[in-house]
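# Working through the structure, step by step
Here's the letter readout for the chains.
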Amino acid sequence: MNTRPNAWIEPLGHMLDGLGIAMCLFDTQDQTVAWNDTFLRYFPEHEGHVFVGEHYRHNLRRFYLSRLGAEEMAHIDEYIEAGIARHRHQAQPYVFTHSGRELLVSSLPIDGVGRLRLWRLHQDVQQEQAPIMPLPAGSGSPLSLLDRVPNGLMLCDATGRITWVNAAFAHMYRLRDPQAAVGATLAQVFHAAWSRVNAPDADACTQGLQTLGEMLRFTGAPFELTLPGPRYCRVVARPDGAGACLYAHLDITELKRQQALLARAEAAARASAALLERESAILQTTLQTMDQGVAMVNAEGRVEFCNQRVFTLLDLPPEVLQNRPHVEDVIRYQRAQGEFDGLPPEAIAHFQPAGGAPIPPLVVRRRPNGRILEIRSLPVQGGGMLRTFTDVTERHAHQQHMEYLASHDGLTGLLNRSKFMECMGAEVALARRMQSRFAVLYLDLDGFKPINDTHGHAAGDQVLVHVARTLRHVARASDFVARLGGDEFAVLLRGIDRREQALALAQRLSGVLAQPWQIQAQEQALLVCIGASIGLAMYPEHGEDPEALLASADRAMYLSKTGQRAGSLARPLPPRGTP
Ligand SMILES: Nc1nc2c(ncn2[C@@H]2O[C@H](COP(=O)(O)OP(=O)(O)OP(=O)(O)O)[C@@H](O)[C@H]2O)c(=O)[nH]1
């Protein structure tokens, strides 16, 4: 402390140091009178420079020199004059930042002395407290200055009786006026504060009284009290060595609230960590037991993780996937095992994230062991991807079977009508593009019904199967052969340029069908000769679309049928050994 001989200033400065409040006293001529240690702590630029009698102007100059940038420095004199004017007339506290601290500054005029400037950390004054107000003109008692201090202050004599408290103390302990505390002990004031609330917290009150009993007997370490509200205060004792003692009551409610929030956040974090652990255990189990292979490839192309199923689906020995191998190393191993034999290089490019080619989200490939794998690649945030492997062999087979059933005749295995029309559509498009021709034969069996009627449906079925086989045999592999329904068939002859070629084939068909062959009907061997009426249509002259072509061939068949009624015949074979 540096003071002129003003007896009250020195203890005041120390007390304010104890409360973390900086002070600097100026006389009526704005010259420095005294300052405390906290002042030098908050304004280190004055250390070793400030002196008694120094004008506030020089103090301000040092302050601005320590914080102005080069551009603003040109205005330093204006700032200083404004600062002096503010100092003389300041009525309300304000906040500013200095040396990384947010400070609240009050300027209090003191009659006959000058002005006292007080600074404290702004965060402390966020708490509920008696506000720092300027002194009304005429109140010159040094102790009354302490009513402006935001924390509670209490002076006790050697017997522990209160001799003085400030306004903030009265506010904290719900006293009408600070005088009401004088003569009582802190325990009595504390108890009275609790007894004045509607629903007192008996535990907090009892606990507080116990604490007071312990702590006041041996003044020493700071202690905490819970006040109605609840509000929390930290009590710090400063004995004067002669029996009296100053107690500062710091409001730490906000601190407590933040501690409680922190504790809750920590508890929540601990709970979610436990939950995460449990979920990750479930995830691990699921991943290891699931039917799909799952592999995680990181942004560098390394296999970070893969489940057991990947080993079995890809026939990979565990050591290949140990130590986070690069995908390219795994592919090299697979290639050496013949995994990709027969596949074009571009077909495996997608397995290599580093290959440069975009990775298709879905690839289906047949493994050398015949199994079909569906491989999905899903990019993940931050690079890398999640790859899943699903064995779709059965699903694929089932799908193919379903597609076969939907496009083929169940009895003969030939294409059905709708598939035949689809094939003819494709052929029309091709022929149109290539300017080529093709032929369609429409066949209707002659006299088929009597076979059914005489020898039964099973015999008729055998005839239909035989006809289908014959058609398939006579037509080329590239031709489309269909059963349109009942005893009607159709053949699309591809690459036929001339009508005569088609006619020749139709005749050949007729001839082959007409040859007798043997079927088994109702445990009886039958010799069957079947006739067929055949209509012919050529693309494009008889129709330019599938429907027109088929209708044209149908008409031609009808004409042929009405012109010749050869019919079909089934007669029993002579017994074995008969010539
Ligand atoms: N066995 C068997 N018969 C069938 C099947 N589908 C249709 N039919 C029969 O085939 C016969 C076809 O009759 P029609 O067209 O009069 O046969 P058709 O005796 O050859 O007479 P035309 O065609 O006028 O020469 C009918 O008796 C149908 O019941 C089948 O899948 N199996």
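This text follows the structure it describes.
The following paragraphs examine the structure supplied in this document. (Residues numbered from 1 in each chain as written. Predicted model: local features only at pLDDT ≥ 70, side-chain atom pairs only at ≥ 80, totals over all residues. Heavy atoms only, no water.)

For the rest of this paragraph, the subject is the site of the ligand. Inspection of the region around the ligand gives 17 residues, with Asp-444, Leu-445, Asn-452, Asp-461 and Arg-483 positioned closest. Note that an oxygen atom of the ligand is positioned 3.1 Å from one of the backbone N or O atoms of Gly-447. Between the ligand and Asp-461, the relevant distance is 2.6 Å, taken from a nitrogen atom to a side-chain nitrogen or oxygen of the residue. Here the ligand loses 70% of its free accessible area of 660 Å² to cover by the protein chains. Secondary-structure elements contributing two or more residues to the shell around the ligand are β16 (438-446), α15 (448-455) and α16 (457-474). (Near = heavy atom within 4 Å. Polar contact = N/O pair within 3.5 Å; in protein donor to acceptor, adjacent residues only side chain to side chain. Areas by Shrake-Rupley, 256 points an atom, 1.4 Å probe, with all protein chains shown as cover. Helix = DSSP H or I, 4+ residues; strand = E, 2+ residues; numbered from the N terminus.)

Where α15 meets α16, the axes come as close as 6 Å, and the angle between the chain directions of the two elements is 145 degrees. Along its contact with α15, which presents Phe-448, Ile-451, Asn-452 and His-455, the element α16 presents His-457, Ala-459, Gly-460, Val-463 and Leu-464. Of the residues assigned to the contact of α15 with α16, the class counts are 5 nonpolar, 4 polar and no charged. (Axes fitted to C-alpha atoms, helices over the stretch in contact; angles between N-to-C directions. Contact = heavy atoms within 4.5 Å. Nonpolar A, V, L, I, M, F, W, Y, C, P; charged D, E, K, R; others polar.)

A separate point is the sheet that holds strand β21 (residues 531-539). A sheet is described by the order of its strands in space; here 4 strands give the open sequence β17-β18-β16-β21, paired in antiparallel fashion. Where the open sheet ends on each side, the last strands, each with one partner, are β17 (480-485) and β21. Taking the axes of each pair of neighbouring strands and ignoring which way they run, one obtains an average angle of 20 degrees across the sheet. In this structure, β17 lies alongside strand β18 (residues 488-493), joined through 5 bridges in antiparallel fashion. By the bridge assignment for β18, Val-481 is matched with Val-491. (Pairing = 2+ DSSP bridges.)

It is worth spelling out the sheet that holds strand β8 (residues 223-227) at this point. Spatially, 5 strands are ordered β7-β6-β10-β9-β8 in an open sheet, and the strand pairing comes out antiparallel. Two strands lie at the open edges of the sheet, namely β7 (162-165) and β8, each paired on one side alone. The sheet shows a mean angle of 25 degrees between the axes of neighbouring strands, taken without regard to direction.

This next bit is on the pattern of salt bridges. Applying the stated criterion across every chain, the model contains 26 salt bridges. Here Asp-315 ties to Arg-367 by a salt bridge, and the two come within 3.0 Å at their closest N and O atoms. With a gap of 52 residues between them, Asp-315 in the loop between α10 (308-314) and α11 (327-336) and Arg-367 in the loop between β13 (362-366) and β14 (372-379) connect regions that are remote in the sequence. When the shortest N-O distance is used, the salt bridge between Lys-561 and Asp-444 registers 3.0 Å. Placement of the pair is Lys-561 in helix α18 (residues 546-563) and Asp-444 in strand β16, with a sequence separation of 117 residues. You can call Asp-444 buried: its relative accessible area is 10%. Connected through shared salt-bridge partners, Asp-315, Glu-339, Arg-365 and Arg-367 make up one network. (Salt bridge = Lys/Arg side-chain N within 4 Å of Asp/Glu carboxyl O. Buried < 20%, exposed > 50% of the residue type's maximum accessible area, 1.4 Å probe, protein only.)

Moving on: helix α17 (residues 499-514). Its 16 residues give α17 an end-to-end C-alpha distance of 23 Å, which sits within 8% of 22 Å, the value for a rise of 1.5 Å per residue. Along α17, the residues that are buried comprise Ala-502, Leu-505, Ala-506, Leu-509 and Leu-513. Seen along its axis, α17 keeps its buried residues to an arc of 105 degrees; they face one direction. In this fold, the buried residues of α17 make contact with β16, α16, β18, β19 (517-521) and β21. (Expected span 1.5 Å × (residues − 1). Arc of directions from axis to C-beta.)

Turning our eyes to something else, we now look at the pairing of strand β3 (residues 94-98). Across 5 bridges, β3 lies against strand β4 (residues 101-110) in antiparallel orientation. In the strand pairing of β4, His-98 is matched with Arg-101. What sits between the antiparallel neighbours β3 and β4 is a turn of 2 residues, in which Ser-99 has the positive phi angle 50 degrees.

Running from N to C, α16 and α17 cross one another at 140 degrees; their axes reach a closest spacing of 10 Å. One finds that α16 runs oblique with respect to α17. Between α16 and α17 lies a crossing of right-handed hand. For the pair α16 and α17, the contacting residues are Val-467, Thr-470, Leu-471 and Val-474 in the first and Leu-505, Arg-508, Leu-509, Val-512 and Leu-513 in the second. When grouped by side-chain class, the residues that make up the contact of α16 with α17 number 7 nonpolar, 1 polar and 1 charged. (Parallel < 35°, antiparallel > 145°, perpendicular 65-115°, else oblique. Left-handed = near helix turned anticlockwise from the far one by under 90°.)

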